[in-house]
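# Coordinates in review
Here is what each chain is made of, one letter per residue.
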Amino acid sequence: MEIFKYNTLKVFLEKKTKSLFIHLNRDHQSKNNLINVETIFELESLLSWTAQHIEINTIVIQGQNNFFSKGFDLDEFAKLPDKRFQNIIEKFQKVIYSMFFLPQTIIANLQGGGKGPGLELAIGADIRIACSKNNISFDHLKNAIIPSCGGVGFLSQLIPSSHTRNWLLSPDSIKNENLLGSGFIHSFYEDKKEDEFLNQLLEDISKQSPISRIQTKRSLLEAILPELDRTLTFEKKFANAGMALKDWKRQLEALEKNEIPEFLKAKDLGNLLK
């Protein structure tokens, strides 16, 4: 049963397992479920509503057309004033932060893959699943942006820091064995068995004691809360500095012209700072 009317999300309620499905819904615009300003505000509104409805057992976040999200809609963000863009980034970070506090068990179904900031959204989930055939990567640097919505601090609280470093600095897609071995992905499902796998997972969760489940999630949060709070500060600091250099805009302009971008050189930055 579909509930609410959003422009960038489709929201369904499945009564049997008391599950809320959130579909990122921008694929029809050939946007690969890219996250824009409206998406962030709609997610903020919806997650605020779910916090007041503890009768919902699970939240499933996934994309349309078998792909989670390719990240930010940088074409749209490039039209914003710098300060406005910085505020939007901060809001998205806080949306992900809020997911750790929700009473529901959150499942991010990455399906055929996720990229950059789109993948950061999945960090706020409790369980992440994906199709065994996928393309998953934290490709922020490919777009000349700095991971600033949990990709450094939040992620390091969920998986070994060595994996975080490798995944953020490498341009490659992450191998399934590393996704599984690190604990980032709970399970993979075979192509065309997604519904069967997900329905069984939701049914199993629905049989858990609600109070025990909620208290367990809260207890797990307490163990990492100081570092999550610290992340809100230091990621914002580096993100603002990175955006001020505008390399991500140079990258966009070069892509439009099919040229190689001329990034600001580290030496030149040092001279400017002097």
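An account of the accompanying structure is given in this report. Since the model is a prediction, treat every value here as computed from it, not as a measurement. (Residues numbered from 1 in each chain as written. Predicted model: local features only at pLDDT ≥ 70, side-chain atom pairs only at ≥ 80, totals over all residues. Heavy atoms only, no water.)

## Let's talk about the pairing of strand β2 (residues 19-24)
For β2, a buried count of six out of six residues is recorded, marking the element as mostly surrounded by other parts of the structure. Where burial is concerned, the two faces of β2 agree: the one with Ser-19, Phe-21 and His-23 and the one with Leu-20, Ile-22 and Leu-24 are both buried. Inspection of the sheet shows strand β1 (residues 9-14) paired to β2 by six bridges, in the antiparallel sense. Paired with Val-11 across the strands is Ile-22, a residue of β2. Taken together, β1 and the strand that follows it, β2, pair antiparallel across an intervening segment of four residues, in which Lys-18 is found at a positive phi of about 55°. Strand direction decides the pairing type here: β2 and strand β3 (residues 58-63), joined by six bridges, are parallel. Within β3, the position partnered with Ser-19 by the bridge is Thr-58. (Buried < 20%, exposed > 50% of the residue type's maximum accessible area, 1.4 Å probe, protein only. Helix = DSSP H or I, 4+ residues; strand = E, 2+ residues; numbered from the N terminus. Pairing = 2+ DSSP bridges.)

## Here's the deal with unusual backbone geometry
In this model, Lys-18 sits at a positive phi of 55°, which is unusual for a non-glycine residue. Topologically, Lys-18 is positioned in the loop between β1 and β2. The phi torsion at Asn-33 lies on the positive side, around 55°, for a residue other than glycine. For Asn-33, the position within the fold is in the loop between β2 and α1 (37-51).

## A short note on the packing of aromatic side chains
On inspection of all chains with the given rule, the structure shows 13 aromatic pairs. With a centroid separation of 5.0 Å and 85° between ring planes, the pair formed by Phe-4 and Trp-49 is classed as edge-to-face. Of this pair, Phe-4 sits in the segment before β1 while Trp-49 sits in helix α1, and the two are 45 residues apart along the sequence. Classification of Trp-49 by relative accessible area gives partly exposed; the value is 26%. (Phe/Tyr/Trp six-rings, centres within 6.5 Å; stacked < 30°, edge-to-face > 60°.)

In short, the description is geometric, and any link to function would need to be established separately.
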